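Here's the letter readout for the chains.
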Amino acid sequence: MEEVIAKGVDKADTGWKEYAPEKRITKTINLSQLNTTKEDRLVTNDAELNRALGGGIVGGSLVLVAGEPGIGKSTLFLQIGLHLQGTRTLYISGEESEQQVKMRADRLKAVNEDFYLLTETATTTIFQEIKKLRPELVIVDSIQTLQSNFIESSPGSVSQIRECAAEFQRFAKETNTPVFLIGHITKDGSIAGPKILEHMVDTVLQFEGDRHYAYRILRTLKNRFGSTAELGIYEMTGEGMRPVSNPSEILITQKEDQLSGSAIAATLEGLRPMLIEVQALVTQSVYGTPQRTVSGFDLRRLQLLLAVLEKRGGFHFGMKDVFVNIAGGLKIEDPSIDLAVICALLSSFEDIPLSQHICFAGEVGLNGEIRAVNRIEQRIAEAEKLGFEKIVVSKYNKKGFNKQSFNIEIMPVGQVQEVYERLFQVV
Ligand code: TYD
Ligand code: MG
């Protein structure tokens, strides 16, 4: 256990009564006498952020933004602040110098008269500045660099992070000012830092993606003011983050000729339908132990699918190296991608290309059965919108939608073997 010694400073002077005098502070009320007011939301011009937050920034909300170092948190939130014309925004940087932030802002090519920068790590100084400036939005980059005088331990320690966040929580609630706290997490996401804050904040956004690829997802892990099924998608460019309003178009590689080993999955990320290309490569194993390599897909899931193909379909992957890759560096957890993975594997195994106008949505069970997936209508509609001619779905999904309402051909299948016969044994 970490020992915490509170310094002999009077906490009373950190109140925000004079800052927002009209606001009542701790008093029992009768809930039925309280009128429901519509949440006042600050709608930014970043549609992806608005969506992730459930329709804009809620007044007085405390939002934690977690992500691995280098993923683009500072870039995104500097950009969001710079684009918020007319909202007095304070960006507190404890990591970078004024010059560094300025250089980044130049790169983003955005100017904003209402944007203020403070490079400081001591919360006492920060709150003095806040009292002077009275910002309407505060961005803290990052929570790990801050230091409170009330706690005698080094920045980044659990008690410092918790105390600093608590000070911002008090500020946010008592002044109705929204605050974004940026926090680093390590690869496994388990680090003490942001995790310990999850219960204190209203919303947790996770910024994720593969650093070697351009796509980033702003995923809502917790939201007191909206759905956690929402997410925002960005593309990292040389001039900042570009919100991606139609993800499907970029996640399918446009190519001239048909190559084997590729299949398109109609997946859902959060509530958003998204068509994604799955690539598989099956080759004769050179070494004694066959390799299984995945990128963006679960390795154990691949092993399971290979076992199903072996047992239920009689395909011998035992002496083959198998590689599976999801386009765009995205990590897909939606099980409906199984069917596309199986088809990509079979396509590479047989060296028979699949038509580019066909896509897939189905989970594969241990008995080789193609299982129904949720929100099938949304997936079909997205496939149709993008000009696909055919979508392969589970026959158990048939009840879930009205076939007549779609123009796209819908092909229901029940078993892995049946998929093979109908797609790869066309004579
Ligand atoms: P950064 O926002 O510093 O990440 P974080 O705050 O999450 O640690 O992003 C770092 C990377 O982003 C860095 O490798 C440079 C790159 N970058 C761009 O690709 N385009 C840009 O416009 C900017 C400002 C940065
Ligand atoms: Mg940063």
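Residues numbered from 1 in each chain as written. Chains lettered and ligands numbered in written order. Predicted model: local features only at pLDDT ≥ 70, side-chain atom pairs only at ≥ 80, totals over all residues. Heavy atoms only, no water.

A look at the site of ligand 1
Near ligand 1 there are 15 residues, and of these Gly-70, Ser-74, Thr-75, Met-236 and Gly-240 occur at the shortest range. Here an oxygen atom of ligand 1 sits 2.8 Å away from a polar atom, N or O, in the main chain of Lys-73. Separating an oxygen atom of ligand 1 from a side-chain N or O atom of Ser-74 is a distance of 2.6 Å. Within the complex, the protein chains bury 75% of what would otherwise be the 560 Å² of accessible surface of ligand 1. For the shell around ligand 1, the secondary structure elements donating two or more residues are helix H2 (73-83), helix H3 (98-108) and strand E10 (231-237). (Near = heavy atom within 4 Å. Polar contact = N/O pair within 3.5 Å; in protein donor to acceptor, adjacent residues only side chain to side chain. Areas by Shrake-Rupley, 256 points an atom, 1.4 Å probe, with all protein chains shown as cover. Helix = DSSP H or I, 4+ residues; strand = E, 2+ residues; numbered from the N terminus.)

Concerning the pattern of salt bridges
Summed over all chains, the structure comprises 16 salt bridges. Between Glu-239 and Lys-109 there is a salt bridge, with its nearest N and O atoms 3.2 Å apart. In this pair, Glu-239 is assigned in the loop between E10 and strand E11 (240-243) and Lys-109 in the loop between H3 and strand E5 (115-119), connecting sequence segments 130 residues apart. A salt bridge links Arg-379 to Asp-334; the shortest N-O distance between them is 2.9 Å. (Salt bridge = Lys/Arg side-chain N within 4 Å of Asp/Glu carboxyl O.)

Quick notes on empty space enclosed by the protein
Across all of its chains, the model carries 2 cavities of 30 Å³ or more by this definition. In this model, the second largest cavity occupies a volume close to 40 Å³. Forming the walls of the second largest cavity are Leu-53, Gly-56, Ile-57, Val-58, Ser-61, Val-63, Phe-180, Thr-203, Asn-223 and Phe-225. Of the residues assigned to the lining of the second largest cavity, the class counts are 6 nonpolar, 4 polar and no charged. (1 Å grid on protein atoms, 1.4 Å probe; cavity = no way out; pocket = protein on both sides within 12 Å on 5 of 7 lines; lining within 4 Å. Points joined across faces, edges and corners; volume = space filled by probe spheres on them. Nonpolar A, V, L, I, M, F, W, Y, C, P; charged D, E, K, R; others polar.)

Side note on the environment of Leu-304
Relative to the helices and strands, Leu-304 resides in helix H8 (residues 299-313). Judged by relative accessible area, which is 27%, Leu-304 ranks as partly exposed. Distance in space between the C-alpha atoms of Leu-304 and Val-244 is 33 Å, their sequence separation being 60 residues. (Buried < 20%, exposed > 50% of the residue type's maximum accessible area, 1.4 Å probe, protein only.)

Topic: the sheet that holds strand E6 (residues 137-141)
Taken together, 9 strands build an open sheet; the order of strands is E5-E4-E6-E7-E3-E8-E9-E10-E11 and the sheet is mixed. Edge positions in the open sheet fall to E5 and E11, since each of these has one partner strand only. Adjacent strand axes in the sheet meet at a mean angle of 25°, parallel and antiparallel pairs treated alike. As judged from the 4 bridges shared by E6 and strand E7 (residues 179-184), these two strands associate in the parallel manner. (Pairing = 2+ DSSP bridges. Axes fitted to C-alpha atoms, helices over the stretch in contact; angles between N-to-C directions.)

A closer look at the packing of H2 against H3
It is at 10 Å that the axes of H2 and H3 come closest, and there the two elements cross at 70°. What the angle tells us is that H2 and H3 run roughly perpendicular. Seen from above, H2 lies across H3 with right-handed handedness. In this structure, H2 contributes Ser-74, Thr-75, Leu-78, Gln-79 and Leu-82 to the contact, and H3 contributes Val-101, Arg-104, Ala-105 and Leu-108. (Parallel < 35°, antiparallel > 145°, perpendicular 65-115°, else oblique. Left-handed = near helix turned anticlockwise from the far one by under 90°. Contact = heavy atoms within 4.5 Å.)

Focus on the packing of aromatic side chains
According to the stated counting rule, one finds 9 aromatic pairs in the structure shown. Considering the side-chain rings of Phe-207 and Tyr-234, the 6.1 Å spacing of their centres and the 80° angle between planes classify their relative orientation as edge-to-face. Taken as a pair, Phe-207 in strand E8 (residues 203-208) and Tyr-234 in strand E10 lie far apart in primary sequence, 27 residues in all. Each member of the pair Phe-207 and Tyr-234 is classed as buried. Ring geometry for Phe-315 versus Tyr-420: centroids 4.8 Å apart, planes at 65°, classification edge-to-face. With Phe-315 in the loop between H8 and strand E15 (320-326) and Tyr-420 in helix H11 (residues 416-424), this pair connects stretches of sequence that are 105 residues apart. Here Phe-315 matches Tyr-420 in class, with each residue buried. Chaining the aromatic ring pairs together yields one cluster made of Phe-315, Phe-317, Phe-349, Tyr-420 and Phe-424. (Phe/Tyr/Trp six-rings, centres within 6.5 Å; stacked < 30°, edge-to-face > 60°.)

Looking at the nonpolar core
If you look at the biggest cluster of nonpolar residues, it comprises 47 residues, and the most contacted ones within it are Val-278, Val-324, Leu-345, Phe-360 and Leu-423. Among the elements that take part in this core, helix H9 (residues 338-350) stands out by supplying 8 residues, more than any other. Excluding anything up to four places from it in sequence, Val-278 contacts Gly-261, Ser-262, Ala-263, Ala-265, Val-324, Asn-325, Ile-326, Ile-337, Ala-340, Val-341 and Ala-344. (Core = buried A, V, L, I, M, F, W, Y, C linked by side-chain atoms within 4.5 Å.)

As for the sheet that holds strand E12 (residues 262-269)
Sheets are built from strands that pair by backbone hydrogen bonding, the pairs being arranged parallel or antiparallel. Taken in spatial order, the 7 strands line up as E14-E15-E13-E12-E16-E19-E20 in an open sheet, and their pairing is mixed. What marks the edges here is a single partner per strand, and that holds for strand E14 (292-295) and strand E20 (409-413). On average, adjacent strands in this sheet sit at an angle of 25° to one another, irrespective of strand direction. Both strand E19 (residues 390-394) and E20 contribute to a ladder of 5 bridges, which runs parallel. Paired with Val-393 across the two strands is Pro-412, which belongs to E20. Where H9 meets the sheet, it contacts E12, strand E13 (272-284), E15, strand E16 (358-361) and E19, and its direction lies at approximately 30° from that of E13. Docked against the sheet, H11 engages E16 and E20, running at close to 140° with respect to E20.

Let's talk about the side chain of Arg-216
Secondary-structure assignment places Arg-216 in strand E9 (residues 215-223). Ignoring sequence-local partners within four residues, the contact set of Arg-216 consists of Ile-71, Phe-207, Glu-208, Asp-210, Arg-211, Gly-232, Ile-233, Tyr-234, Met-236 and Met-241.

Here's the deal with the pairing of E13
For E12 and E13, the ladder comprises 8 bridges, and the chain directions are antiparallel. Counterpart to Ile-264 in the pairing with E13 is Glu-277. From the end of E12 to the start of E13, which pair antiparallel, there are 2 residues, and Gly-270 there has a positive phi angle of about 65°. Bridge count between E13 and E15: 7 bridges; the pairing is antiparallel. Counterpart to Leu-281 in the pairing with E15 is Phe-323.

What is shown is where atoms sit, not what they do.
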